[in-house]
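If you want the building blocks of each chain, they are given just below.
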Amino acid sequence: QVQLVESGGGLVQPGGSLRLSCAATGSIFSISVMGWYRQAPGKQRDLVAAITTGGSTNYAGSVKGRFTISRDNAKNTVSLQMISLKPEDTAVYYCNALVYTKLNGVQEVWGQGTLVTVSS
């Protein structure tokens, strides 16, 4: 059973910074893409940023220049450094990964979500 465990959410003032972390655990053979999605109240879940094993990244336009995604392939972790946070960044952030296990092949796994609130 593969699990993604997130940490680092919380309350921050506009203009502040937060760092989200996510660790994948279980019988993992490999992970291709890891990423972060977010879902604000009443809205759909959207991609924030993603990163491949080789380090190629993709960002939503609204976070380019403010958020940085990184990963440690050896530790199966992914992080999201967020700066210059805005109230519109308020959402539940979900870690996501495409994981290959010998038992189940490729599967998409989601974390439980961590709340980020940007407010004064």
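See above for the structure.
Read on for a plain summary of the structure. Within any chain, residue numbers begin from 1 and follow the written order of that chain's sequence. Restriction of local features to residues with pLDDT of at least 70 applies here, the model being predicted, together with a cutoff of 80 or more for giving and counting side-chain atom pairs; totals for whole chains, interfaces and linings are based on all residues. Calculation of side-chain values draws on the structure's entire complement of heavy atoms; hydrogens and water are dropped beforehand.

### Description of the pattern of salt bridges
Salt bridge, as used here, is a side-chain nitrogen of Lys or Arg placed within 4 Å of a carboxyl oxygen of Asp or Glu. All told, the structure shown has 2 salt bridges when counted by the stated rule. Here D89 and R66 are joined by a salt bridge, their closest N and O atoms 2.8 Å apart. With D89 in the loop between β8 (77-82) and β9 (91-101) and R66 in the loop between β6 (57-59) and β7 (67-72), the pair connects residues that are 23 residues apart, well separated along the chain. R66 shares its class with D89; the two are buried. Through salt bridges with shared partners, a single ionic network connects R38, R66 and D89. Strands are runs of DSSP state E lasting at least 2 residues, helices are runs of H or I lasting at least 4, and numbering of each runs from the N terminus. A simple rule labels every residue: compare its accessible area, found with a 1.4 Å probe on the protein chains alone, to the largest value its type can have, and call it buried under 20%, exposed over 50%, or partly exposed in between.

### Focus on the sheet that holds strand β1 (residues 3-7)
If you walk across this open sheet you meet the 4 strands as β1-β3-β8-β7, and the pairing is antiparallel. Either end of the sheet is taken by a strand with one partner, and the two such strands are β1 and β7. Pairwise comparison of adjacent strand axes, ignoring direction, gives a mean angle of 15° for this sheet. Pairing geometry for strand β3 (residues 18-25) and β8, over 6 bridges, is antiparallel. Across the sheet, R19 pairs through a bridge with Q81, a residue of β8. Strands qualify as paired when DSSP identifies two bridges or more between them. Note on geometry: axes are lines fitted to C-alpha atoms, helical ones only across the stretch in contact, with angles between N-to-C directions running from 0 to 180 degrees.

### Let's talk about the side chain of R71
If you trace the backbone, R71 turns up in strand β7. In this structure, R71 is buried with no salt-bridge partner, the nearest side chain bearing the opposite charge being D72 at 8.0 Å. For this analysis, a polar contact is any N or O atom pair within 3.5 Å, provided that within protein one partner can donate a hydrogen and the other can accept it, and provided that sequence-adjacent residues contribute only side-chain to side-chain pairs. In this structure the side chain of R71 is engaged in a polar contact, spanning 2.8 Å, whose partner is the backbone oxygen of S32. In this structure the side chain of R71 is engaged in a polar contact, spanning 3.1 Å, whose partner is the backbone oxygen of I51. Charge counting treats Lys and Arg as positive and Asp and Glu as negative, with His and both chain ends excluded.

### Quick notes on the packing of aromatic side chains
Ring geometry is summarised as follows: Phe, Tyr and Trp rings, the Trp one being its six-membered ring, pair when their centres sit within 6.5 Å, and such pairs are stacked at plane angles under 30 degrees, edge-to-face over 60 and tilted between the two. In this structure the tally under the stated criterion is 3 aromatic pairs. Between F29 and Y100, the aromatic rings sit 5.6 Å apart at their centres with planes inclined by 75°, giving edge-to-face as the arrangement. Note that F29 is positioned in the loop between β3 and β4 (30-39) and Y100 in strand β9, a separation of 71 residues in sequence. Note on Y37 and W110: the rings are 4.9 Å apart at their centroids and 65° apart in plane angle, and the pair reads as edge-to-face. Taken together, the residues Y37 in strand β4 and W110 in strand β10 (residues 105-110) connect sequence positions 73 residues apart. Among the aromatic residues, ring-to-ring pairing joins Y37, Y94 and W110 into one connected group. As a reminder, the over-ring test applies to NZ of lysine and CZ of arginine, requiring each to be within 6 Å of the ring centre and within 35 degrees of the ring normal. In this structure, R45 is placed above the aromatic ring of Y94, and the distance from its NZ or CZ to the ring centre is 3.6 Å. Between R45 and the ring centre of W110, over which it is positioned, the NZ or CZ distance is 4.6 Å.

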